[in-house]
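Each chain, letter by letter, is given below.
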Amino acid sequence: MMLVRAGAVCVLAVVVQLAVFVDVRFFGVAPELLALVAVLAGAFGGPERGPIVAFGAGLLWDIYLPSPLGVAAIVYALVAFAIASLDAGLFHDSRVQLVVLAGVGTAATVIGYALLGTVVGETGLVGTRLLVVAGVAGLLNAVLAPLAAPLVRWAVAEPERRVAVAPRRVAP
């Protein structure tokens, strides 16, 4: 059932990416919704579920991209595993942590995609603008993370981890 939910979330992300963010850009950069799904899958799905969902998201995105098939899938899975491994030692009750993980994870996927794409023969991916693209995409996904998090959590988290992230309440 998890794969069906995750597949539906990935397809929804592709549709929104291609229908909305194909024309909406900030500083010439669009949000990377499938990278966001991959990063959040790592955070909510853990090191076992997260990379599998991220690989599927990357493979779905690879079908659209002109690069060799599998580049985004490999990078997304690796970043999701890194996020899941890092996330295991962090607290799970902070929206700020979620936003930071989404931003840094997205920047890592953009840079990793460019580096791996260059290794497999793609040209023009690594250049002076790469850090700007990675930074802006990371910032945009950090802003979108609180909106996407409940959907990705529903799709990939084990039942006991599907509880919403709530801000801490300080007793008066």
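Residues numbered from 1 in each chain as written. Predicted model: local features only at pLDDT ≥ 70, side-chain atom pairs only at ≥ 80, totals over all residues. Heavy atoms only, no water.

## Quick word on the overall build of the protein chain
In step 1: Looking only at helices and strands, one finds 5 helices and 0 strands in the protein chain.
In step 2: What you see in the protein chain, going N to C, is helices and strands ordered as α-α-α-α-α.
In step 3: Counting every position in the protein chain, which comprises 172 residues, the buried fraction comes to 45%.
In step 4: Here the protein chain has roughly 9000 Å² of accessible surface; of this, 74% comes from carbon and sulfur atoms. (Helix = DSSP H or I, 4+ residues; strand = E, 2+ residues; numbered from the N terminus. Buried < 20%, exposed > 50% of the residue type's maximum accessible area, 1.4 Å probe, protein only. Areas by Shrake-Rupley, 256 points an atom, 1.4 Å probe, with all protein chains shown as cover.)

## Brief notes about the nonpolar core
In step 1: Counting residues in hydrophobic clusters, the biggest one holds 35 residues, and the most contacted among them are L34, L40, F44, Y76, V152 and V156.
In step 2: V156 has contacts with M2, A6, A41, F44, G45, R49 and V53, leaving out every residue within four places of it along the chain. (Core = buried A, V, L, I, M, F, W, Y, C linked by side-chain atoms within 4.5 Å. Contact = heavy atoms within 4.5 Å.)

## Side note on the packing of aromatic side chains
In step 1: Under the defined criterion, the tally for this structure stands at 1 aromatic pair.
In step 2: Their ring planes at 25° and their centres at 5.2 Å tell us that W61 and Y64 sit as a pair that is stacked. Residue W61 and its partner Y64 are located together in helix α2 (residues 33-64), separated by 3 residues, close to a single helical turn.
In step 3: The ring centre of W154 lies 5.7 Å from the NZ or CZ of R5, which sits over that ring. (Phe/Tyr/Trp six-rings, centres within 6.5 Å; stacked < 30°, edge-to-face > 60°. Lys NZ or Arg CZ within 6 Å of the ring centre and 35° of its normal.)

## What to know about the confidence of the model for the protein chain
In step 1: Chain-level statistics for the protein chain give a pLDDT mean of 89 and a share of 88% at 70 or above.
In step 2: Within the protein chain, helix α3 (residues 71-87) has the poorest average pLDDT of any element, 92, and helix α5 (residues 130-156) the best, 95. (pLDDT = per-residue confidence, 0-100.)

## Points about a nonpolar patch on the surface
In step 1: Taken together, the side chains of F55, L59, I63, L69, I74 and L78 present a nonpolar region at the surface, about 600 Å² in accessible area.
In step 2: Among the elements of the structure, α2 and α3 are those that each provide at least two residues to the nonpolar patch.
In step 3: Among the elements that take part in the nonpolar patch, α2 stands out by supplying 3 residues, more than any other.
In step 4: Tracing the backbone shows F55 in helix α2. (Patch = residues over 30% accessible without salt bridge, like charges linked within 9 Å, V, L, I, M, F, W, Y side chains within 5 Å. Salt bridge = Lys/Arg side-chain N within 4 Å of Asp/Glu carboxyl O.)

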